[in-house]
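# Structure assessment
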Amino acid sequence: MSRVEEFVNKYYVERRNTNSLKWDALEERFGDKDLLAMWVADMEFKTPDSIREALIERIDHGVFGYTKLPESYYDQYKKWHKQKYDINVEKQWIRFAPGIVQAILWVIHAYTKKDDSVIIMPPVYYPFANSIRNSGRKLVESPLLEENGKFKIDFDTFEKEIRDNNVKLYIHCSPHNPVGRVWTLEEQKRVFEICEKYDVLVLSDEIHQDFTYNNHKQISALALEDGKYNHRLIVANSGSKTFNLASLVHATILIPDDAVRKVFDAYKKENLEAEPSLLGQIALEAGYREGHEWLEGLKETVLYNYNLLYDTLAEKVPEIKVYPLEGTYLVLVNLEKVLDVKTTKQFIQDECGLAIDFGHWFGKGYNKYIRINLATSPENVKEAINRIIKNCNN
């Protein structure tokens, strides 16, 4: 039995009828309860044994009152980031949020004013744009360029938009969701050089940091040139993607610079004094302590699913473009050449019976793209592929 088969046999779980947003809100979100759910970024896999055991132990204790974080939590957090990303996180940098979207909103409100410009690089995780608009800030976009089947940063447009709009904040997606890029050192250095030139604060969303494949290596913004840009940097990450913990509402905001952190703390004191999630921090500590092997099994499964999707479509429907998966567990797919006069919804949802994230959610001009979640069983991926192939041939 392969490692992928072992992982799937041990951890795959049926999520229908468990109040799962992904499976049980299909009628509400898509108007069809019978779709195969390949959308929102969570998984059909149980969390590592160590996490469930730690949670059960605490639940059996029976008390969930006010709690302080133990030093062991900080030790495991620092150890994980040092071993994997060669970052020396200091305890005083760490602040907490219920999730990454909340962290983004807090940073926008703490560091910018109404009508200030905030820049993003679409197609990108749609809460970036929603958070900017909903906060009364000006949304500025520097779209990624698609060249030779791969997305890259348009540095000239990025600099021009920053300069012309007097941008105050850039929200960096690293690894990038949904295009699956893991930014190189050279790419990130150039981005940060531009931000330095125009005094732009950077919020780096690194929630997918633990999902990289083959020879692609995640480089945290904190690791750029020995922390050269830390004076204009805030990093947000979480174990919610890594260990499938989204509903435990526990994310981390890292602010290495004293002056930048002082601004956040002043905003926090006035607007959002709150305790971190007890069960969230217990789960993350246990995952960072003993979840390494589980994560490797998960990544092998995701990569297996990607190769299955890529190879099968390349053989059966080569007109469909499946983009490289360098990072995340979400793959971007271009259906332009098979849609003809159909809309993406007609083809993918009405004919194929799939619930996916539609490309236009992530940016203008991506109506014929979809994002597929690969953190599921190979059987689900095979079924999705078969439905697409069948309906391409009808």
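Every chain begins its residue count from 1, and numbering advances along the sequence as written. With pLDDT at 70 or above as the cut-off, local features in this predicted model cover only qualifying residues; side-chain atom pairs require 80 or more to be listed or tallied, and sums for whole chains, interfaces and linings still use all residues. Hydrogen atoms and water are omitted, and side-chain values are computed over all heavy atoms in the structure.

Here we come to the domain arrangement of the protein. Each assigned domain of the protein is listed here: domain 1 (3-49 + 291-393) and domain 2 (63-289). Domain borders in the structure are assigned automatically or taken from a domain database. Summarising the inter-unit geometry, the C-alpha centres of domain 1 and domain 2 are found 25 Å apart. Of the roughly 3000 Å² buried at the junction of domain 1 and domain 2 (both faces included), carbon and sulfur atoms supply 59%. When two parts are brought into contact, each loses some accessible area as probed by a 1.4 Å sphere; the total of that loss over both is the buried area. When the buried area of domain 1 at its contact with domain 2 is split by residue, E326, T328 and F362 rank highest and sum to 25% of it. For this analysis, a salt bridge means a side-chain nitrogen from Lys or Arg found within 4 Å of a carboxyl oxygen belonging to Asp or Glu. Our count for the contact surface shared by domain 1 and domain 2 stands at three salt bridges. Between R181 and E326 there is a salt bridge, with its nearest N and O atoms 2.8 Å apart. Here a polar contact means two N or O atoms within 3.5 Å. Within protein one must be a hydrogen donor candidate and the other an acceptor candidate, and residues neighboring in sequence count only if both atoms are side-chain atoms. In this structure, the connection of domain 1 to domain 2 is made through 19 residue pairs in polar contact (both at pLDDT 80 or more).

By the convention used here, strands pair only if DSSP detects at least 2 bridges between them. A run of H or I in DSSP becomes a helix once it reaches four residues, and a run of E becomes a strand once it reaches two; helices and strands are each numbered from the N terminus. Spatially, β2-β10-β9-β8-β7-β3-β4 is the arrangement adopted by the seven strands of the open sheet, whose pairing is mixed. The sheet is open, and its two borders are formed by β2 (94-97) and β4 (138-141), each paired with just one other strand. Between one strand axis and the next, the sheet turns through 25 degrees on average, direction left out of account. Geometry is summarised by axes, namely lines fitted to C-alpha atoms with helices restricted to the contacting stretch, and by angles between N-to-C directions that run from 0 to 180 degrees.

What follows covers the pairing of strand β8 (residues 201-205). Extensive coverage of β8 is indicated by the burial of five of its five residues. Where burial is concerned, the two faces of β8 agree: the one with L201, L203 and D205 and the one with V202 and S204 are both buried. Taken together, the five bridges between strand β7 (residues 167-173) and β8 define a ladder with parallel strand orientation. Along β8, the bridge assignment pairs L169 with L201. By the criterion used throughout, a crossover qualifies as right-handed when its path from the first strand across the helix to the second strand runs clockwise, the strands pointing away from the viewer. The parallel pair β7 and β8, bridged by helix α9 (residues 185-197), forms a crossover whose chirality is right-handed. Inspection of the sheet shows β8 paired to strand β9 (residues 233-238) by four bridges, in the parallel sense. Counterpart to L203 in the pairing with β9 is I234. In this scheme, a residue with accessible area under 20% of its type's maximum is buried, one over 50% is exposed, and one in between is partly exposed, where area comes from a 1.4 Å probe on protein chains only.

Glancing now at the state of the cysteines. Only a pair of cysteine sulfur atoms within 2.5 Å counts as a disulfide in this structure description. Counted by the stated rule, this structure contains zero disulfides. There is no disulfide at C195, and the cysteine sulfur nearest it, in C173, is 15 Å away. The exposure class of C195 is buried, given its relative accessible area of 0%. C352 forms no disulfide, and the closest cysteine sulfur to it belongs to C392, at a distance of 6.8 Å. A relative accessible area of 3% means that C352 is categorised as buried.

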